[in-house]
Amino acid sequence: MTLLDARMSFTTFRATMALAVVFVMLATTGWTAVRPHGPADARSVAVRAWLRATVGGHRLPDPDTAPAGAVARLFSSLSRPQALRLTRRYPLVVGNLNGVPLALRYQANRYALLKARADERRRAVSNALTPAGRKDAGRRANRYTSLLAGHRQILAFDPSGAGRAAEVLGDLGTATRVAIVVPGVDTNILSFERTTKAYAAPVGMARALYRREKAAEPDARTAVIAWADYVTPSGVGLDASTANLAEHGATRLLALLGTLPRWQRVTLFCHSYGSVLCGVAAPDLAKGQVTDITVFGSPGMHVKRASQLHTDANVWAARDSDDWIEDVPHLEFAGLGHGTDPVSGKFGARVVSARGAAGHPGYFAPGTASLGNFVDIALGRYAAVICDGSPDAGQDADCTSGLV
């Protein structure tokens, strides 16, 4: 081994150790949260019952493998009573099945939420649980009550484990512009929405974006999806330092995108670990399937350069000046880490201002430059986007050049 090789090996070793130390420190100094545990895998039980059933003398398709097109054809062939019967009997299947008409998915998830709330209310007073378990059950019951309020459009719901959900704001069936908010670590059914600092949770992010879109262009046909329909890492530990959960989540995101009409202009807004997921999904996007990918508070997109995403979508990045994610080593080695910092000049993203955002969860806070930029990106108003002026971003010139 030459002296140069030895130095390079030592440098790589130091970088890897730095990465590991940072994740261990973060995981042991308050960033790791205890993931709540809900009921057993209720959806798996429902799927098994679904696969034993028939409709019109025909077996029902496997919800984990059936293409959305095949599901859509099945439901279009059913009478309304047949479709409603399936929706009532198997809400955890129908409510999460791509290809099912939107109205039926929303209705199915109301049925599923009602049952899940009843289950949690029983658990909340059960002597079979510890006081902590009863408290957790009560919190989940309250969350389900919130999700059932008004005319909320719940696109996906699974109470199993820590719980997953997705909500639609606006009319997804007629929207010409669709934004999908993809959150990061510690997102589950309890953290899907918040009452204080609502913009720090997926529902609050989506609402902030949707309201600003409607204020900016009242006649625009827009929809926003708060998409927390994947298992996220619990805290900033080992799971957060690898792309394993992002790979599973990317499969789910791509399945959702495959159900959206190609005439819709789709933008992804990917926060924190969600940006890893979006980076993993990007190479498998069909041409023109997504017009813009915006990452913020990102540990990396699991590539060294934006060009390695192999997508025709515009790639945008933002980071607030006091976001702790800046201190995470932006590299990838032996499966740990997520690659180059997306706001660095060498990555090649279009870096926009996040002025006014407060720390890691504050990018959708009212009055922030980041929220304003996200709205302009979602609406395709690229000329209005405010670029970041930091030297490291490599964006001293117009970050919107070449866009129409």
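Residues numbered from 1 in each chain as written. Predicted model: local features only at pLDDT ≥ 70, side-chain atom pairs only at ≥ 80, totals over all residues. Heavy atoms only, no water.

Draft legend 1. View of helix α3 (residues 68–77). Along α3, the residues classified as buried are V71, L74 and F75. All buried residues of α3 project into a common sector of 90° when viewed along the axis, lining one side. For α3, the exposed residues lying more than 90 degrees away from the buried face are R73, S76 and S77. In the core, the buried residues of α3 are packed alongside α2 (42–52), β1 (54–55), α4 (80–89), α5 (91–94) and α6 (102–123). (Buried < 20%, exposed > 50% of the residue type's maximum accessible area, 1.4 Å probe, protein only. Helix = DSSP H or I, 4+ residues; strand = E, 2+ residues; numbered from the N terminus. Arc of directions from axis to C-beta. Contact = heavy atoms within 4.5 Å.)

Draft legend 2. Spatial organisation of helix α10 (residues 244–257). Counted at 1.5 Å a residue, the expected span for α10 with its 14 residues is 20 Å, and the 20 Å between its end C-alpha atoms agrees. Close packing links the buried residues of α10 with β3 (153–158), β5 (177–182), β6 (222–228), α9 (238–241), β7 (265–271) and α11 (273–281). (Expected span 1.5 Å × (residues − 1).)

Draft legend 3. Summary view of the sheet that holds β6. Across the sheet, which stays open at both edges, the eight strands sit in the order β3-β4-β6-β5-β7-β8-β9-β12 with mixed pairing between neighbours. Here the strands that pair on one side only, and so sit at the sheet edges, are β3 and β12 (350–351). Where β3 and strand β4 (residues 164–170) come together, five bridges link them in antiparallel fashion. Of the residues in β4, the one forming a bridge with D158 is R164. Along the sheet, α6 contacts β3 and β4; its crossing angle with β3, the most-contacted strand, is approximately 50°. Contacting β5, β6, β7 and β8 (292–296), α11 runs over the sheet at an angle of about 135° to β7. (Pairing = 2+ DSSP bridges. Axes fitted to C-alpha atoms, helices over the stretch in contact; angles between N-to-C directions.)

Without other data, these values stay purely geometric and don't point to any function.
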